[in-house]
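Here are the chains, one letter per residue:
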Amino acid sequence: YRATFLGQGFNASDEASLPALALRVLKGQVIYRDFIYASPPLTVFKEAGVAALLGPYYDYLASRWIFAVEVSVGSVIAFLIIRRYTPPLAAFLLTLPTIFFTTVLYAYSNFNFDAQLLFLVAVLILVWEGDRERRPLIVLAGVFCGLAFLAKPTYLAMVVGVCILGALGTFLSGPRRW
């Protein structure tokens, strides 16, 4: 379903620059020294990693396909978070709209969804931690929040939410559904 939207909603002001900047990084240039990029560097480094992995097959369309996979992983992670508290069918029905509505994200930059995905991973770690030692998991969730900040600075505010979720996790955990 999402693949049918790959050709729509291109935001040339942001999206077209990310593959170009990634290729500049692969050629040895350094962000902020050799060229100006107004956002944190994580998305450019992610794109550079994808470009290095795909080699000569990396282009704008390949970048969009990787983005479609990333958006799909976000829906799966949202399902797992909701699944922690609800039966499988209810979790599926609650997350099914994300399949359709996230195609709107195709009109926005990758760094927006990079940050969202990293934040979802942080929340997933905290809600599925089980009976294990909490401190390492809280630290790991904090690392993912820090990475989300390196993708989009506004996600720094989410660190507070993840810290609260981590501290209150035992009170909010509810019944186990797996």
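Note that the structure is predicted; figures quoted are calculated from it, not measured. (Residues numbered from 1 in each chain as written. Predicted model: local features only at pLDDT ≥ 70, side-chain atom pairs only at ≥ 80, totals over all residues. Heavy atoms only, no water.)

(A) Region of the structure containing the nonpolar core. Grouped together as the largest cluster of nonpolar side chains are 23 residues, with contacts concentrated most on Ile77, Ile81, Phe119, Ala141 and Val162. Here this core gets 12 residues from one element, more than from any other, and that element is helix α5 (residues 110-127). Those residues in contact with Val162, other than ones at most four positions away along the chain, are Phe119, Ala122, Leu126, Ala141 and Cys145. Membership of the second largest hydrophobic core comes to 12 residues, among which are Leu18, Phe35, Ala48 and Tyr58. (Core = buried A, V, L, I, M, F, W, Y, C linked by side-chain atoms within 4.5 Å. Buried < 20%, exposed > 50% of the residue type's maximum accessible area, 1.4 Å probe, protein only. Helix = DSSP H or I, 4+ residues; strand = E, 2+ residues; numbered from the N terminus. Contact = heavy atoms within 4.5 Å.)

(B) Up close: the environment of Glu47. Mapped onto the elements of the fold, Glu47 is located in helix α2 (residues 42-54). Under the relative-accessibility criterion, Glu47 is labelled buried at 0%.

(C) How the structure looks around the pattern of salt bridges. Overall, the coordinates contain four salt bridges when judged by the stated rule. Among the ionic pairs, Arg33 bridges to Asp34, the shortest N-O distance being 3.0 Å. Linking Lys46 and Glu47 is a salt bridge whose minimum nitrogen-to-oxygen distance equals 3.6 Å. (Salt bridge = Lys/Arg side-chain N within 4 Å of Asp/Glu carboxyl O.)

(D) Looking closely at the packing of aromatic side chains. In total, this model carries one aromatic pair according to the counting rule given. Here Phe67 and Phe113 contribute two aromatic rings whose centre-to-centre distance is 6.3 Å and whose plane-to-plane angle is 90°, an arrangement assigned as edge-to-face. You can see Phe67 sitting in helix α3 (residues 60-83) and its partner Phe113 sitting in helix α5, a full 46 residues away along the chain. Judged by its relative accessible area of 1%, Phe67 is buried. Here the guanidinium or amino end of Arg84 rests over the ring plane of Tyr85, the centre of that ring lying 5.1 Å away. (Phe/Tyr/Trp six-rings, centres within 6.5 Å; stacked < 30°, edge-to-face > 60°. Lys NZ or Arg CZ within 6 Å of the ring centre and 35° of its normal.)

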